[in-house]
Every structure is written in C-alpha cells, then in structure tokens.
Amino acid sequence: MNNYKLTIQYDGGRYKGWQRLGDSENTIQGKIENALSVMVGQSIEIIGSSRTDAGVHALAQVANFKISDNMPESKIMNFLNHYLPPDISITEVELVDDRFHARYNAKDKTYLYKIWNEAYSHPFMRKYSMHVGKKLDIEKMKSACQYFIGEHDFTAYSNAKSKKKDTVRKIYSLDVEEVEGFIQFRVSGNGFLYNMVRKMIGTLIEIGLGEKEAEEIPTILLSKERVQTGGMADACGLYLEKINF
C-alpha cells in the first residue's frame, strides 16, 4: 500500500467540523474522502491530525490515506483541488513511509486565535475573528498566560461531549501580541481536548476585561469543574496553524 500525506487549508465557516459524521457529509473529512473515492474508484478513509470543531479554520491541517496505486503526488493534488469546494485547498501531497500516521505521529500542535479589538466591527474579518468591542488589557492577559504553561489536568477546560479519558495535557507556550487592531493568541501543546483552546481564550478575555483575575486560573484547573471557566471564545477566530511530527 502507498501512504500519502496531505497538507490542507480550509475555511471552516460552513462546515460541521473536521470529523465525518454519520448523518451529514458537511464536514471537511467527508468532502476530501468523497473526492478521493471518486479518484480511485473505491471508498477511501483519511486520518486527520486534529478534529477541529464546527466553524474552526485550518492553515495546515495534516491527514494521510493509503491506496494500492502508486499515483504521482501532483496528480492527486490537481485532482483534489479541481473537485473540492473552493473553501478547501490541498497545499501539499507527499508519498510517505507506510508507518506514518497523521494523528499518532504528531508531536505537537499550534493554534492561532484572532480577536478584533476595536469598538467597530471589521466587515472583512468578521467571519475570521472574534469581535470584542471593549479594550482588552493585553498586559493582564500576558501575565495570565503563564498559569496555563506546563502539564495540567484540563477537565475544567474541556467540553462535556469530550470522550477523552485522559484529560492531562502539556502546554509548551502561550503568547499574546497586538497586531494592527487584532489581538492574537498562539498556543502550542502536545494535544488539546474538545473546545479546550476556545475555553482558555474565553478565560483570558474575561481577565482582559477585568471580569476575572489571572490568579484564579490555578484554582479553576484544580477544581476540574467546567462551570468555573466562564465563557467560550467564538469558533470563527480559531485556526489550526501548525503540526510538528
């Protein structure tokens, strides 16, 4: 069998997330599998590195699939980009070792979150960033980020739908910067629970608005109570930015 690695960009705004659902083809995985199945004339299943939520975007999602045919990478890439919707693009196709597994071989993942932090909305970025009209205290948020760094039980920052039994994750870095009216968060870790990043950003927003104190984060983590985290940031501002193998 020949194992192919795909690097994928997508606008997740009109999809129900990455993962194929039994009752809907309106998923990123479903769209790509359908196109591949047409290409090879048989049912194809792909393995994704990260199961992004409904409405979440990706700059470099990674997936792999196996077929018996040894097809040129360029032919696969051209076919997929011709038949996929314009809001899903394949940016690279690579023939890889048979043992490569997009999910199990991922060492760390990086997510980017964008907030438009002006009193007025941004007409061209309203689908790709969360609008917070009140000025956020970026220094307070920077100080708060340190409490998420390291290995913690993130049960409080997971969603009740999460089926993960192991809720311990390690955050390597969490940075905040201001770029021309946008506040951007960039978080890297060995893995993330369902809704975890959006809930973390939600807490940081509340701290930036003066509704929470940074020192509350360790207590929230130790509580393992989801109600303690408060609000959750909008899906439209979240991007899967990078995956390292």
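Residues numbered from 1 in each chain as written. Predicted model: local features only at pLDDT ≥ 70, side-chain atom pairs only at ≥ 80, totals over all residues. Heavy atoms only, no water.

### Regarding the nonpolar core
Of all hydrophobic cores here, the largest spans 69 residues; its most connected members are Ile 32 and Ile 115. No other element matches the 7 residues that helix α4 (residues 196–208) contributes to this core. Setting aside its immediate chain neighbours within four residues, Ile 115 contacts Met 130, Val 132, Leu 136, Gly 181, Phe 182, Ile 183, Phe 185, Ile 201 and Ile 205. One finds Trp 116, Met 125, Phe 182 and Tyr 239 within the second-largest nonpolar core, a separate group that totals 5 residues. (Core = buried A, V, L, I, M, F, W, Y, C linked by side-chain atoms within 4.5 Å. Buried < 20%, exposed > 50% of the residue type's maximum accessible area, 1.4 Å probe, protein only. Helix = DSSP H or I, 4+ residues; strand = E, 2+ residues; numbered from the N terminus. Contact = heavy atoms within 4.5 Å.)

### What to know about the packing of helix α3 (residues 138–145) against α4
Look at α3 against α4: their axes get within 8 Å of each other, and the N-to-C directions meet at 135 degrees. With respect to α4, the element α3 is oriented oblique. Pair α3 / α4 crosses with right-handed handedness. On α4, the residues touching Lys 140, Met 141, Ala 144 and Cys 145 of α3 are Leu 204, Ile 205, Ile 207 and Gly 208. (Axes fitted to C-alpha atoms, helices over the stretch in contact; angles between N-to-C directions. Parallel < 35°, antiparallel > 145°, perpendicular 65-115°, else oblique. Left-handed = near helix turned anticlockwise from the far one by under 90°.)

### Overview of the packing of helix α1 (residues 28–40) against helix α2 (residues 73–83)
Relative to each other, α1 and α2 sit at 120 degrees, their axes nearing to 10 Å. Relative to α2, the element α1 lies oblique. The chirality of how α1 crosses α2 is right-handed. Here Ile 32, Ala 35, Leu 36, Val 38 and Met 39 of α1 come into contact with α2, specifically with Ile 76, Phe 79 and Leu 80.

### Some details on α3
Quick reminder: α-helices carry 3.6 residues per turn. Residues three or four places apart thus point the same way. Ile 138, Met 141, Ala 144 and Cys 145 are the residues of α3 that are buried. Down the axis of α3, the sector holding all buried residues measures 120 degrees, keeping them to one side. The elements touched by buried residues of α3 are β8 (168–179), β9 (182–189), α4 and α5 (217–223). Its side-chain oxygen placed 3.2 Å from the backbone nitrogen of Glu 139, Asp 137 serves as the N-cap of α3. (Arc of directions from axis to C-beta. Polar contact = N/O pair within 3.5 Å; in protein donor to acceptor, adjacent residues only side chain to side chain.)

### Quick notes on the pattern of salt bridges
For the structure on display, the rule yields 11 salt bridges. The shortest N-O distance in the salt bridge between Glu 206 and Lys 212 comes to 2.5 Å. Summarising the burial analysis for this pair, Glu 206 and Lys 212 share the class buried. What you see here is one network of salt bridges that share partners, running through Glu 177, Arg 186 and Glu 241. (Salt bridge = Lys/Arg side-chain N within 4 Å of Asp/Glu carboxyl O.)

### Quick word on the side chain of Gln 61
Of note, Gln 61 is situated in strand β3 (residues 57–67). Of the residues examined, Gln 61 reaches a relative accessible area of 0% and is grouped as buried. Only 2.6 Å separates the side chain of Gln 61 from the backbone oxygen of Ser 50, close enough to count as a polar contact.

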